[in-house]
Amino acid sequence: MGNGGAADLFKSATFIKISGFILVSVVFFYLGKHFSDGSSQQLVFFSSHQNPDHHEITGSPASVALSPNHNKIFNITSLTNETSSAQKNENQEQQRIGSVSPPPPPPPVPAVKRMGVVDENGVMAEDFEVGEYDTELVENWEKANNTADLESDGKGDKVRVRVNKFPLCPESMREYIPCLDNEEAIKNLKSTEKGEKFERHCPEKGKELNCLVPSPKGYKTPIPWPQSRDEVWFSNVPHARLAEDKGGQNWITIDKDKFKFPGGGTQFIHGADQYLDQIEKMVPEIAFGRHTRVALDVGCGVASFGAYLLSRNVTTLSVAPKDVHENQIQFALERGVPAMVAAFATRRLLYPSQAFDLIHCSRCRINWTRDDGILLLEVNRLLRAGGYFAWAAQPVYKHEPLLEEQWEEMVNLTSRLCWKLVKKEGYIAIWQKPLNNSCYLSREEGTKPPLCDPDDDPDSVWYADLKACITRLPEEGYGSNITIWPARLQNPPDRLQSIQIDAYMSRNELFRAESRYWHEIIESYVRALHWKKLKLRNVLDMRAGFGGFAAALIENQFNCWVLNVVPVSGPNTLPVIYDRGLIGVMHDWCEPFDTYPRTYDFLHAAGLFSIEQKRCNISTIMLEMDRILRPGGHVYIRDSLAVMDELQEIATAMGWHVSIRDTAEGPHASYRILTGDKRLLQA
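Residues numbered from 1 in each chain as written. Predicted model: local features only at pLDDT ≥ 70, side-chain atom pairs only at ≥ 80, totals over all residues. Heavy atoms only, no water.

K.L.:
Quick question: what am I supposed to make of the pairing of strand 14 (residues 428-432) here?
P.N.:
On any regular strand, side chains alternate: one points to one face of the sheet, the next to the other face. Taken across its five residues, strand 14 has four buried, putting it largely inside the fold. As paired elements, strand 12 (residues 383-392) and strand 14 share five bridges and run antiparallel to each other. Note that in strand 14 the partner of Tyr388 across the bridge is Gln432. Sheet topology places strand 13 (residues 420-425) next to strand 14; five bridges connect them, and they run antiparallel. (Buried < 20%, exposed > 50% of the residue type's maximum accessible area, 1.4 Å probe, protein only. Helix = DSSP H or I, 4+ residues; strand = E, 2+ residues; numbered from the N terminus. Pairing = 2+ DSSP bridges.)

K.L.:
Got a minute to help me understand the sheet that holds strand 20 (residues 657-662) in this structure?
P.N.:
Within a sheet, neighbouring strands are paired by backbone hydrogen bonds and run either parallel or antiparallel to one another. The seven strands lie next to each other as 17-16-15-18-19-21-20, forming an open sheet whose pairing is mixed. Only two strands of the sheet have a single partner each, and these edge strands are strand 17 (583-587) and strand 20. Each adjacent strand pair in this sheet contributes to an overall mean axis angle of 20 degrees, direction not counted. For strand 18 (residues 600-606) and strand 19 (residues 629-640), the ladder comprises six bridges, and the chain directions are parallel. (Axes fitted to C-alpha atoms, helices over the stretch in contact; angles between N-to-C directions.)

K.L.:
Just checking my understanding: could you explain the state of the cysteines for this structure?
P.N.:
Working definition: the covalent bond between the sulfur atoms of two cysteines is a disulfide. For the structure on display, the rule yields six disulfides. Each sulfur of the disulfide joining Cys418 and Cys439 lies 2.1 Å from the other. Handedness of the Cys418-Cys439 disulfide follows from its S-S torsion of about -85 degrees: it is left-handed. In this pair, Cys418 sits in the loop between helix 12 (401-416) and strand 13 while Cys439 sits in helix 13 (residues 438-441), placing the two residues 21 residues apart along the sequence. Owing to a relative accessible area of 10%, Cys418 belongs among the buried residues under this scheme. Assessed through its relative accessible area of 29%, Cys439 is described here as partly exposed. Counting its disulfide-bonded cysteines in sequence order, the chain shows a connectivity of 1-4, 2-3, 5-6, 7-8, 9-10, 11-12. (Disulfide = S-S within 2.5 Å.)

K.L.:
Help me understand the packing of aromatic side chains, please; the structure alone is not making it clear to me.
P.N.:
Each aromatic ring pair is characterised by the separation of its centres together with the angle its planes make. By the definition in use, this model includes 26 aromatic pairs. With a centroid separation of 5.8 Å and 40 degrees between ring planes, the pair formed by Trp407 and Trp431 is classed as tilted. One end of the pair, Trp407, is in helix 12; the other, Trp431, is in strand 14, and 24 residues separate them in sequence. For the pair Trp407 and Trp431, a shared accessibility class is recorded, and that class is buried. When the centroid spacing of 5.6 Å and the interplanar angle of 85 degrees are considered together, the rings of Trp518 and Phe549 count as edge-to-face. Here the residue Trp518 occupies a position in helix 14 (residues 507-528), and Phe549 occupies one in helix 15 (residues 548-555), the gap between them amounting to 31 residues. Of the two residues examined, Trp518 and Phe549, each falls in the buried class. Among the aromatic residues, ring-to-ring pairing joins Phe344, Trp368, Phe389, Trp391, Trp407, Trp419 and Trp431 into one connected group. Note that Lys220 overlies the ring of Trp233, its terminal NZ or CZ placed 4.0 Å from the centroid. (Phe/Tyr/Trp six-rings, centres within 6.5 Å; stacked < 30°, edge-to-face > 60°. Lys NZ or Arg CZ within 6 Å of the ring centre and 35° of its normal.)

K.L.:
Mind showing me how you'd approach the side chain of Lys322 here?
P.N.:
Structurally, the position occupied by Lys322 is in the loop between strand 9 (315-320) and helix 9 (328-335). Lys322 gets classed as buried once you look at its relative accessible area, which sits at 16%. Within the local environment of Lys322, its side chain forms a polar contact with the side chain of Asp181, the two groups lying 2.7 Å apart. What Lys322 contacts, discounting residues up to four positions off in sequence, is Glu175, Ile177, Asp181, Phe198, Val341 and Tyr596. (Polar contact = N/O pair within 3.5 Å; in protein donor to acceptor, adjacent residues only side chain to side chain. Contact = heavy atoms within 4.5 Å.)

K.L.:
Can you help me understand the nonpolar core in this one?
P.N.:
What tends to happen in soluble globular proteins is that the nonpolar side chains get buried as a cluster. Ranked by size, the top nonpolar core spans 140 residues in total, and within it Tyr351, Trp368, Phe389, Phe609 and Met622 carry the most contacts. For Trp368, the residues in contact, after removing those within four places along its chain, are Val298, Phe344, Cys361, Gly373, Leu375, Leu376, Val379, Phe389, Trp391, Met410 and Leu413. The next biggest cluster of nonpolar side chains, apart from the first, holds 10 residues, and it includes Leu242, Ala243, Phe261 and Val302. (Core = buried A, V, L, I, M, F, W, Y, C linked by side-chain atoms within 4.5 Å.)

K.L.:
Explain the pattern of salt bridges here, please?
P.N.:
Oppositely charged side chains can form a pair if their charged atoms are brought close together. Per the stated rule, a full pass over the model turns up 28 salt bridges. The residue Glu231 makes a salt bridge to Lys260 at a minimum N-O spacing of 3.7 Å. On the criterion of sequence distance, the pair formed by Glu231 in strand 5 (residues 231-233) and Lys260 in strand 7 (residues 258-260) is long-range, its members being 29 residues apart. Note on Lys260: relative accessible area 25%, which makes it partly exposed. Between Asp456 and Lys467 there is a salt bridge whose closest N-O contact spans 2.4 Å. Of this pair, Asp456 sits in the loop between helix 13 and helix 14 while Lys467 is found in the loop between helix 13 and helix 14, placing the two residues 11 residues apart along the sequence. Salt bridges linked by common partners bring Asp357, Arg384, Arg488, Arg495 and Asp579 together as one network. (Salt bridge = Lys/Arg side-chain N within 4 Å of Asp/Glu carboxyl O.)

K.L.:
Explanation requested: the sheet that holds strand 8 (residues 294-298) in the structure shown.
P.N.:
If you trace the seven strands from one edge of the open sheet to the other, you get 10-9-8-11-12-14-13, paired in mixed fashion. Lying at the two open borders of the sheet, with one neighbouring strand each, are strand 10 (339-341) and strand 13. The mean inter-strand angle of the sheet, taken between neighbouring strand axes irrespective of direction, is 20 degrees. The strands that helix 12 touches are strand 12, strand 13 and strand 14; relative to strand 14, the one it contacts most, it runs at about 15 degrees.

And the structure:
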């Protein structure tokens with residue numbers, strides 16, 4: 001290759017690329033060797049401050065400078081060796097002198113205090129602090145929470161306050177009737193010879209029931225009707241005394257774990273059915289289930305008389321005092337028979353005038369002729385014009401001197417009352433009350449008992465004393481001209497015109513409107529809420545009006561009876577209720593009700609609390625409802641939104657299973673329905 005070829009070779013692109021690659025490789029080799037053998041220790045630093053001791057790289061505010069330790073060599077291995085030897089010497093020294101306390105640990109990092117309920121991720125947290133608060137304010141709130149259901153916020157509005165869970169009462173109170181078991185009040189009575197101790201003596205304010213009355217041990221769901229007419233669980237009414245005292249009279253017997261009711265009584269040992277046949281045969285006009293629809297059985301025992309009349313379409317209210325046979329009313333109610341604790345003593349019974357088509361007394365242990373016949377005068381007030389009084393007692397059929405004298409006294413008294421002795425046969429005597437006042441007005445002047453004053457209200461019964469006078473019958477014939485059953489259930493009675501109510505429309509229209517209203521509601525309950533599955537038997541309507549709710553249950557063929565309560569705070573519609581062929585009672589819901597615990601399996605209250613909250617403590621009414629409601633029983637409260645929150649709180653505190661429902665008017669209506677179920681076993 002010549003000189004020209006060599007020159008061309010050095011000028012070629014290939015040669016230039018190869019030369020450049022070799023040059024770069026040599027440079028990188030030199031640099032790598034240079035830095036790996038520690039010959040250069042300089043480092044480059046970036047600084048925002050200029051340093052006059054170092055060479056300036058740039059004049060900008062952020063300068064780049066060489067490390068101040070460049071050109072200095074450090075022997076790192078010597079440093080590590082010194083540290084290791086020092087550590088060994090220290091360990092040897094500790095072993096020589098023993099254990100030496102370690103240096104104090106660094107102070108712990110202070111915990112972060114959470115001052116809110118939401119953490120940094122937006123999740124509800126539990127480990128938070130409230131911060132500073134007024135302890136006095138909290139203490140005052142706790143005290144108020146134990147004594148009140150609602151408190152005011154100072155502006156007139158009510159603030160919701162959670163109600164504490166109600167405790168169980170002592171076992172000794174399992175059959176407690178507050179107004180009849182007030183031992184302190186009974187001890188302070190001036191006299192008890194006329195039966196005053198069997199009347200209402202309610203606890204003073206501040207001593208009301210504030211706990212849940214417990215059920216007996218082993219309590220079971222009651223046997224359903226009609227089987228319950230003949231047998232009930234022993235554990236539900238665990239009292240054997242009545243069976244021991246009256247077993248020979250065919251009242252009640254014990255058979256293993258049940259009480260059995262053969263259907264007899266003191267005067268009808270052979271059974272109530274035969275006894276009823278005899279009465280109807282003696283006076284065919286009594287006509288059970290047609291002319292006679294509502295009856296009163298005084299001194300009822302275990303209520304077999306009323307139990308067997310039910311099959312004849314007669315509703316009988318059985319009453320007796322809480323005396324030596326104190327559980328007789330409890331047995332009646334457990335059987336599913338209408339009954340109340342009541343006594344003929346010094347006050348009027350809580351039923352209206354002309355309420356009952358038939359009043360029956362079979363060995364009822366009442367001296368009807370005492371005090372100028374004041375007790376029989378109460379029977380006369382209660383008995384419908386043209387109604388019958390049946391008396392089965394020893395003076396009727398025994399011929400002993402003392403008993404014959406009692407019979408003569410009875411005949412003399414009833415004749416002065418213008419009663420007619422219709423029939424006396426065997427051990428039964430039956431009288432009939434007159435239809436009008438003509439007999440009373442034709443008596444000789446000065447005849448006792450006198451007629452009551454014209455301004456006397458025979459339907460005023462709440463804590464009203466008995467009066468030794470004859471109740472006048474209405475001149476218009478109200479009460480005597482009712483239709484037969486079942487037409488009387490829906491026919492507006494004449495006494496409707498005497499009810500003192502503020503009405504802008506006719507009373508007959510109000511009556512029919514209420515009937516239609518409840519008929520439609522009950523039909524909707526049957527369709528939507530399956531009420532037929534509730535197996536209703538003992539029902540209490542706590543604010544009955546004209547009795548439309550009870551009438552609707554009958555029309556829908558519920559196999560139950562309803563006690564219609566008319567509160568004293570409203571118009572007295574009891575006469576209309578009885579004229580319809582229903583039963584009811586006057587009551588003030590600010591006070592306890594005269595019945596045993598575990599009486600009713602269904603309580604109905606429509607518009608009650610929004611009215612009574614102005615007079616009563618709502619929790620007092622609710623506790624009374626719990627007392628008389630059977631375990632497993634149901635409550636339907638239909639009321640305004642204003643009271644629903646409080647009712648729900650109280651019901652929950654009593655252990656009920658509670659729910660709130662809309663009415664048929666929809667979610668925007670001003671009313672709601674609270675349904676409550678009492679648990680079978682209370683905790």
